[in-house]
Structure formats: C-alpha cells, structure tokens
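Report on the structure
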Amino acid sequence: MANLAFCCAHCNAHKGPNIAGIDPNTKRAVRIFSPRTDEWASHFRWNGAMLIGLTPEARATIVVLAINDPFKSAARQALMDEGTY
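So, a few notes on the structure that sits alongside this text.

Focus: helix 3 (residues 56-64)
Counting buried positions along helix 3 yields seven of nine residues, so the element is predominantly enclosed. Phi turns positive one or two residues past the end of helix 3, at Ala-66, with a value near 55°.

Okay, structure coming up:
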C-alpha cells in the first residue's frame, strides 16, 4: 500500500498505469507530477477553477489526468462559488 495516493475516481481512471505524458507546449514525453517527491506550488497554480501547469511535468499531468475536464472544472467552480473549495 506504500505506492498508493489519494485521488478522485475521475483522475485515477484517467491515470491508469501512466507514469508519463506529453507536454502540450513542447510535445515531448515527460514524467507526470509525483505528489511524494515534487512540490505542488512549484508545478501548479490555480486560475479560477482551472489548474495551470507551470512545468512540463505539470502540463502533462493535467492532460493525462484530465484535470481541466469541463465537467470537473464546472464542479470545482460551483464549490468555489459556495466557498467550500
């Protein structure tokens, strides 16, 4: 169980066995963000309900996990509007 990390079912289903993805900016294959070894604030920032990748690893992670999927972003925005996110 040491290799498990908390995530929502949506992200987990998209991640699957992937340990890498394509950075949409550089079109290069890069490893995805590791919550155990990478510092979140160095890789990501929020722009409203949209997560912005600051590094190739972060951008690839956003794509692989479909983090900015319109349904998920709308749900995040609703929670932000309620003050619960």
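The rest of the description comes next.
Quick look at the packing of aromatic side chains
If you walk through the whole model with that rule in mind, you get four aromatic pairs. Each ring, one from Trp-46 and one from Tyr-85, has its centre 5.9 Å from the other, and the planes form 90°; the classification is edge-to-face. With Trp-46 in strand 3 (residues 44-47) and Tyr-85 in the segment after helix 4 (70-82), the pair connects residues that are 39 residues apart, well separated along the chain. Linked through ring pairs, Phe-33, Trp-40, Phe-44, Trp-46 and Tyr-85 together constitute an aromatic cluster.

Some points on the nonpolar core
One finds Ile-32, Phe-33, Phe-44, Leu-51, Ala-58, Ile-62, Val-64, Leu-65 and Ile-67 forming the largest nonpolar core, which totals nine residues. Counting residues per element, this core draws most heavily on helix 3, at three residues.

Focus on the pairing of strand 4 (residues 50-53)
Residues Leu-51 and Gly-53 line the buried face of strand 4, whereas the alternating positions Met-50 and Ile-52 sit on a face that is not buried. In this structure, strand 3 lies alongside strand 4, joined through four bridges in antiparallel fashion. Opposite Trp-46, over in strand 4, you have Leu-51 as the bridge partner. Where strand 3 folds back on strand 4, the antiparallel hairpin that results is connected by two residues, among which Gly-48 adopts a positive phi of roughly 65°.

With respect to the side chain of Ser-73
Note on placement: Ser-73 falls in helix 4. A polar contact of 3.2 Å, which involves the side chain of Ser-73, links it to the side chain of Arg-76.

Criteria and thresholds
- Residues numbered from 1 in each chain as written.
- Predicted model: local features only at pLDDT ≥ 70, side-chain atom pairs only at ≥ 80, totals over all residues.
- Heavy atoms only, no water.
- Buried < 20%, exposed > 50% of the residue type's maximum accessible area, 1.4 Å probe, protein only.
- Helix = DSSP H or I, 4+ residues; strand = E, 2+ residues; numbered from the N terminus.
- Phe/Tyr/Trp six-rings, centres within 6.5 Å; stacked < 30°, edge-to-face > 60°.
- Core = buried A, V, L, I, M, F, W, Y, C linked by side-chain atoms within 4.5 Å.
- Pairing = 2+ DSSP bridges.
- Polar contact = N/O pair within 3.5 Å; in protein donor to acceptor, adjacent residues only side chain to side chain.

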